[in-house]
Every structure is written in C-alpha cells, then in structure tokens.
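# Commentary on secondary and tertiary structure
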Amino acid sequence: MTKRVLEVSDLKKHFPIRGGLLGGTVGYVYAVDGVSFHIDQGETLSLVGESGCGKSTVGKSVLRLFPLTSGQVVLNGKRIDDMSTGTLRPLRRQIQVVFQDPFSSLNPRLRVREILAEPIRNFGLANSEAEIDEKVGQLMDKVRLPRDAVNRWPHEFSGGQRQRICIARALAAEPDIIVCDEAVSALDVSVKAQIVNLLQDLQAELGLAMLFISHDLAIVEHMTHRVAVMYLGQIVEVADRKQLFGAPRHPYTEALLSAVPVPMPGAARERIVLQGDVPSPIKPPPGCRFHTRCPYAFDRCRKEVPRLQDNGAGHQAACHLHDLPAEQNPLLNKAPPTAFRAA
Ligand code: SF4
C-alpha cells in the first residue's frame, strides 16, 4: 500500500492587520482559507495559481514556519500543527524545503562541505567526521556536482549550481518530502529544465514525495503527478495531470491554461482574458470568490460558496456549473486546450 506522507485538512492562515491609535487588530488578510490535500510517497503534487493566491503560504504553513490559524497538518501519521517547537525539532528532518532564490538561501560564510554537513550533524545521521565526508560526497554525486567542489564558497557557483547545492542540503536530512517553493522560477530556461529533470530523477531514485509550488504551468505539466489550483486562498480544482491539463473543470483553470504559450507554431487556441484584478484577500467576494472575473458567473455564484465536488476519477472542482445538466455546462462542451491534449 502506498504510504501517505502528508495530509493537510482545512488549513487556514489569516494574518492580522494592525491599525488604529492603539495598534489593535482591525482586520485580517485571509491568505489561506480552508485548504485540504494529501501527498503520497513518490508523488508530486503541484500547487499552482497567480502570485498572491496563497500557495507559498500553504508551503510555509506545512513547514511550520509560522503558527496556523486553524486546520491540521499530519506528517507521516503524526499531527505536527499543534506540536511544540521542541517536539517538532526531530521531525523537521522528514520535511525539507528548496526556496526560489539560490543566492540568498545559502550562507555565504560557509563552504559547501559545511553547508551539507550541518543537517547531517544536527539530525545525528553520521557517527564520525569520515562518515559525514562520505555522505557529503554522495550528495554531490546525487546532484551531479564534482566532489572536489565541496571546498568552494557559494559565490563561486552559478545560479543553477547553487540550486543543486540547495537540493543537496535538503537531501542531506534524508527527508520523506521536499517542498519546492518556486524552486526553478529564478533560473534561466535551459537551467530550469536541468533542475526539473534532476528533481524527477531524485524522486524516482529516493521515492520522495514533493509539494511543488509554482506559477509556471508549462513546467508543472512536464513533471507533476497531480495538480491543485488555488485562487484567493482556496483550492478550486484538483486532478491528476492528464485530467487537469486535458479537460479542466473550473473556469479559472481553463483561463490559466489558455494563457500558457502554445509550444506548437500554428496551433490555434482560444485565449481567455480574465476581466478585472484579483480581489483583495482582506475582503474576499461573497459566494464564489471567482465570480467577479468569471465569464460564466450566474446569480447563484454571487450568493453561494461552491464546494469542491468529485466529477469522477478523483477530479474535483468547486463550481456551480457542475450542478447544471451536462448539456448546459459550458465546461463539458469544449475541446481541451490545444497545447495540453492528454497523450
Ligand atoms: Fe464561475 Fe460560478 Fe463556477 Fe464560480 S461557481 S467558477 S463564478 S461559474
């Protein structure tokens, strides 16, 4: 049976807004507002959406980089959202992170050997300095950097090489899951592809689970197993890769996919241009949060919150259109986006 590595239930993170003469709480930023998902061993779940939709806050919440407003995070069967810092410390080994910026993620005052040795030492994963050296060498092999580069400083590496060091540092803790928070967004196109291929190879080799947070749908389509689409702090659609890219079941996903550059010259695709801006997460619209921009919105959308419901084979979408008869549902009567016709 596949092992469930991460289970998140009804996660909420509301940041207080301070103001007034006394500096009290005058409101909240509803950054994440009721998000649930799971990731199994060896699986990649991608969290996608426009910037500001709350996807990075979800990543930081599951890493317990700040306290949650409410909800549950279960890591390898243990609830970690309400654990004290001391109890959580040894479990931190199981969940590691690779951030977007490889330039600020590495301590410039440490050589690569020390950067990689630190987690091995901190989590007690080696019994001697010789064993640490051997493990550091193996990590360099894994991320395809020469072993003798361990004596160099971070500034001596290119952006792509630094991101390889960040991945090696995450692997040094021997985790079960890695959170990649826009981990390839700051890299050049060719380097991006190399790092994505490396992550895929490592996942296959080590059976890692991965939460891949990205706004880049072309990359996500290339490397994920399942996708969760976020809009204004909530997940609006979840499906496996082929279902989501081949037949989106939420108007927001449909619009996002239509904006991805078509890789085949001459391929026609209808571009859906959303009207208006993303509403403020301080005062999300009532009913469906997407109704202010949705080309299909109708009366019910402005009053009633749509719930994520299964449209078959685990393909979930939060949209009232799926309560209409199939022939009246515009999402079911369209050809899939040209660039993503599922193979
Ligand atoms: Fe659009 Fe209504 Fe569906 Fe929301 S519930 S996505 S507004 S059709």
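The sections below set out a description of the structure shown in this document. (Residues numbered from 1 in each chain as written. Predicted model: local features only at pLDDT ≥ 70, side-chain atom pairs only at ≥ 80, totals over all residues. Heavy atoms only, no water.)

Let us now look at the site of the ligand. All residues in the neighbourhood of the ligand are listed as H250, P251, C288, F290, H291, C294, Y296, A297, C301, C319, H320 and L321. For the shell around the ligand, the per-class residue count stands at 9 nonpolar, 3 polar and no charged. (Near = heavy atom within 4 Å. Nonpolar A, V, L, I, M, F, W, Y, C, P; charged D, E, K, R; others polar.)

Looking now at the sheet that holds strand β7 (residues 177-181). Read from one edge of the open sheet, 8 strands run β6-β7-β8-β3-β9-β10-β12-β11, paired in mixed fashion. Taken across any chain shown, the strands that pair with only one partner, and hence form the sheet edges, are β6 (95-98) and β11 (309-310). Packing of helix α1 (residues 55-62) onto the sheet brings it into contact with β3 (44-48), β6, β7, β8 (209-214) and β9 (226-231), and relative to β8 it is tilted by some 145°. (Pairing = 2+ DSSP bridges. Helix = DSSP H or I, 4+ residues; strand = E, 2+ residues; numbered from the N terminus. Contact = heavy atoms within 4.5 Å. Axes fitted to C-alpha atoms, helices over the stretch in contact; angles between N-to-C directions.)

Another point: the packing of aromatic side chains. One pass over the structure, following the stated rule, counts 5 aromatic pairs. Between Y231 and F290 the ring centres are 5.0 Å apart and the planes differ by 80°, which places this aromatic pair in the edge-to-face class. In this pair, Y231 is assigned in strand β9 and F290 in the loop between α9 (251-258) and α10 (299-303), connecting sequence segments 59 residues apart. Each member of the pair Y231 and F290 is classed as buried. Pairwise contacts between aromatic rings join Y231, Y252 and F290 into one cluster. (Phe/Tyr/Trp six-rings, centres within 6.5 Å; stacked < 30°, edge-to-face > 60°. Buried < 20%, exposed > 50% of the residue type's maximum accessible area, 1.4 Å probe, protein only.)

Taken in spatial order, the 4 strands of this open sheet run β2-β1-β4-β5, and their pairing is antiparallel. Both outer strands of the open sheet, β2 (24-40) and β5 (78-79), are each paired with one neighbouring strand and no more. Note: strand β4 (residues 70-75) against β5, 2 bridges, orientation antiparallel. Residue pairing across strands places L75 opposite K78, the latter belonging to β5. The strands that α1 touches are β1 (4-19), β2 and β4; relative to β1, the one it contacts most, it runs at about 110°.

For the rest of this paragraph, the subject is the environment of A186. With respect to the helices and strands, A186 occurs in the loop between β7 and α6 (189-206). Using a relative accessible area of 46% as the deciding quantity, one classes A186 as partly exposed. Expressed as a C-alpha distance, the spacing of A186 and I95, which sit 91 residues apart in the sequence, is 23 Å.

This is a description of form; function is not addressed.
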